[in-house]
Amino acid sequence: MRLSQQIYPNPQQNIRQCTKQKVTTAMVQGVKLLALPVQEMEHYLEEAVYANPLLEVHYQREAVHAMDEEEPMEDPDDSGEEFSYDRWIQKKKEFGISDPESLWNVKGTPFELDCLEGVLKLQLAALKLQETEHRIGLEILGNIDRRGYFVGNLASICYAVEAPLETGEKVLALVQTFLPRGIGARNLAECLSLQVGEDFPWAGTARAMIKESFEDLAGRRFAKLARAYGVKKSAVEEIFEKLPELNPKPANGYGSQEAVGYIIPDITVRREKGGFCVAVNRDSENMLKMNEEYVSMLDKGEVNGETAAFIRAKYQEAKALMNSIQVRSQSLYQFAWTLLEKQSRFFELGPEYLKPLTMQEMADAMGVHVSTVSRLVQDKYADTPHGCFPLKYFFNVGIVCGGEDMVSSSMIKRRISRMIQEEDARRPLSDAQICRALNQEGYPISRRTVAKYRQMQNIDSQAKRRR
């Protein structure tokens with residue numbers, strides 16, 4: 001067999017000089033820190049401290065106040081109001097309970113009157129049900145969500161306590177008579193129908209209409225409902241007019257188990273004599289410090305080999321992290337001053353004077369890439385003399401208004417909202433009417449844009465706003 005070798009004639013070598021950017025771990029970390037809001041910085045830095053022994057969390061001692069041993073501790077559950085029998089009798093009358101002594105059999109104290117679960121348990125105990133029915137009632141109360149709706153499975157509850165489903169339906173019907181009205185409902189229509197009292201217009205018809213034809217009632221199909229229930233159209237309109245007086249969430253006012261989300265602004269703009277001042281939240285920058293013991297060991301040569309290499313690597317990581325935090329603060333500071341310059345009329349006069357501004361314009365003014373501005377405004381807030389706003393709020397498109405003048409889309413939205421708030425509820429404005437009014441004011445905007453801006457503000461259409 002003959003082997004043949006392929007030979008490339010006239011081989012050429014192309015030598016080209018080029019520059020490539022190598023993305024390091026420090027750069028990735030800096031980009032990530034730039035996008036983090038101050039609320040998430042603490043958690044991120046705590047994880048960094050766990051992973052790097054050369055980093056320590058620096059707690060500000062002046063912020064910690066020692067408790068005076070002689071000062072008595074306050075009970076967090078103490079409302080400051082002493083319990084009295086007269087107050088107990090008054091609450092008993094509100095519930096329609098004839099025997100107040102039976103309430104003392106409920107697990108807990110009378111102070112549970114301030115808690116929805118306690119209020120419901122007191123009313124359940126006052127019924128003096130049989131043991132099986134009482135157990136079903138407690139299970140039902142345990143399956144009432146933060147809105148006041150029953151979200152459990154009644155068949156499963158009855159099976160667990162070895163009781164027929166009819167007994168469960170009976171107990172649920174009793175729970176639905178408790179205060180506040182509408183408690184224990186399984187859906188919105190049932191919740192509203194439970195709140196219809198005898199003083200409600202056309203009470204019997206209203207209950208049936210809400211339970212059976214709620215979608216038609218919400219859709220204002222008055223003529224259809226009048227024919228179906230054999231009443232006048234004016235009666236249906238009267239029922240519809242009273243619906244806003246009913247509470248779709250009867251448990252409101254008794255507190256919530258949900259965690260409250262607090263907003264910590266990354267930027268603060270304050271009005272001072274002669275102008276404004278800008279401050280950046282630097283809590284994360286002051287949170288970390290270097291572990292001096294490890295640094296001293298490295299400087300004195302007390303470690304060598306793999307240990308010394310490990311400490312040097314962690315030292316470089318720590319320095320890179322602290323430098324990235326400082327760069328983040330400097331970038332936010334530069335952004336804040338540029339924003340103050342670009343939106344000066346907003347800070348002086350209010351949201352109605354917000355100017356059109358794009359992220360590209362902001363990036364050009366700062367001398368950075370537009371992606372840097374995009375990361376800077378992500379999930380961050382600014383505290384201003386006119387309220388707390390997300391940083392993305394300050395960026396909006398502009399509409400040419402007479403010559404070269406431009407107005408922001410945010411201002412148009414606020415104008416539409418104000419026009420709808422001031423309209424006659426019996427003759428609400430249509431999108432076309434709003435469009436004509438804005439055009440007369442000098443804003444060249446189309447009806448379709450008016451409809452889009454109205455929907456973005458969760459404002460109903462003309463038909464649904466009519467009263």
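Everything below is about the structure shown above.
Residues numbered from 1 in each chain as written. Predicted model: local features only at pLDDT ≥ 70, side-chain atom pairs only at ≥ 80, totals over all residues. Heavy atoms only, no water.

Caption draft 1: A look at the overall build of the protein. When you go through the protein residue by residue, the secondary structure sums to 21 helices and eight strands. For the protein, the proportion of its 467 residues judged to be buried stands at 37%. Pairs at least 24 apart in sequence give 60% of the contacts found in the protein among residues at least 6 apart. Only carbon and sulfur atoms are counted for the fraction: they give 48% of the accessible area of the protein, which is about 30200 Å². (Helix = DSSP H or I, 4+ residues; strand = E, 2+ residues; numbered from the N terminus. Buried < 20%, exposed > 50% of the residue type's maximum accessible area, 1.4 Å probe, protein only. Contact = heavy atoms within 4.5 Å. Areas by Shrake-Rupley, 256 points an atom, 1.4 Å probe, with all protein chains shown as cover.)

Caption draft 2: Summary view of the packing of helix H14 (residues 305–342) against helix H16 (residues 359–366). Taken N-terminus to C-terminus, the directions of H14 and H16 make an angle of 115°; their axes are 10 Å apart at the nearest point. Looking at the two axes, H14 sits roughly perpendicular to H16. Crossing of H14 against H16: the hand is right-handed. Contact with H14, carried on its side by Ser-331, Gln-334, Phe-335, Thr-338, Leu-339 and Lys-342, involves Met-362, Ala-365 and Met-366 of H16 and no other residues of that element. (Axes fitted to C-alpha atoms, helices over the stretch in contact; angles between N-to-C directions. Parallel < 35°, antiparallel > 145°, perpendicular 65-115°, else oblique. Left-handed = near helix turned anticlockwise from the far one by under 90°.)

Caption draft 3: Expanded view of the sheet that holds strand S2 (residues 267–272). Read across the open sheet, the four strands follow the order S3-S2-S5-S6; overall the sheet is mixed. The outermost strands of the open sheet, each flanked by one partner alone, are strand S3 (275–280) and strand S6 (387–390). Between one strand axis and the next, the sheet turns by 20° as a mean value, whatever way the strands run. Relative to strand S5 (residues 381–384), S2 runs parallel, the two being bridged by two bridges. Looking across to S5, one finds that Thr-268 is bridged to Asp-383. Contacts between H14 and the sheet are confined to S2 and S3, with S3 contributing the most and set at about 160° to the helix. (Pairing = 2+ DSSP bridges.)

Caption draft 4: Geometry of helix H11 (residues 222–229). Those residues of H11 that fall on the buried side of the exposure criterion are Phe-222, Leu-225 and Ala-226. Angularly, the buried residues of H11 cover 105° about the axis, an arc narrow enough to put them on a single face. Exposed side of H11, more than 90 degrees from the buried face: Arg-227 and Ala-228 are the residues found there. If you follow the buried residues of H11, they end up packed against helix H9 (203–212), helix H10 (214–218) and helix H12 (233–242). (Arc of directions from axis to C-beta.)

Caption draft 5: Representation of the environment of Thr-372 in the model. Among the secondary structure elements, Thr-372 is positioned in helix H17 (residues 370–376). Classification of Thr-372 as buried rests on a relative accessible area of 19%. Linking Thr-372 and Leu-34, residues 338 residues apart in sequence, is a C-alpha distance of 8.0 Å.

Caption draft 6: Representation of the nonpolar core within the structure. Within the largest apolar cluster, 26 residues are counted, with the highest numbers of intra-cluster contacts made by Ile-267, Phe-335, Phe-347, Met-362, Val-373 and Phe-394. Of all elements in the fold, only S2, S3, H14, helix H15 (344–349), H16 and H17 reach the threshold of two or more residues within this core. Residues contacting Val-373, with those up to four places away along its chain left out, are Phe-335, Met-359, Met-362, Ala-363, Met-366, Val-368 and Phe-395. In this structure, Leu-36, Met-41, Leu-288 and Ile-325 belong to the second largest nonpolar core, which totals 20 residues. (Core = buried A, V, L, I, M, F, W, Y, C linked by side-chain atoms within 4.5 Å.)

Caption draft 7: Molecular detail of unusual backbone geometry. Put simply, Leu-179 and Pro-180 share a cis peptide bond, and its omega is 0°. Mapping Pro-180 onto the fold places it in the loop between helix H7 (165–175) and helix H8 (188–194). Phi at Lys-128 takes a positive value of approximately 55°, unusual for a residue other than glycine. Tracing the sequence through the fold places Lys-128 in the loop between helix H4 (116–126) and helix H5 (131–142). Despite not being glycine, Trp-202 shows a phi value in the positive range, around 50°. On the secondary structure map, Trp-202 appears in the loop between H8 and H9.

Caption draft 8: The arrangement of the pairing of S5 in detail. Relative to S6, S5 runs antiparallel, the two being bridged by four bridges. Paired with Asp-383 across the strands is Cys-388, a residue of S6. Between S5 and S6, which pair antiparallel in sequence order, lie two residues.

Caption draft 9: Representation of the pattern of salt bridges within the structure. Across all of its chains, the model carries 16 salt bridges by this definition. The salt bridge partner of Arg-207 is Glu-198, with a shortest N-O separation of 3.0 Å. On the basis of relative accessibility, which here comes to 26%, the residue Arg-207 falls in the partly exposed class. Glu-441 serves as the salt-bridge partner of Arg-415, at 2.7 Å between the closest nitrogen and oxygen. Pair noted here: Arg-415 is in helix H18 (residues 409–421) and Glu-441 is in the loop between helix H19 (431–440) and helix H20 (447–456), with a separation of 26 residues, a long-range link. The class of Arg-415 is partly exposed, set by a relative accessible area of 23%. (Salt bridge = Lys/Arg side-chain N within 4 Å of Asp/Glu carboxyl O.)

Spatial relationships are all this shows, so hold off on functional conclusions.
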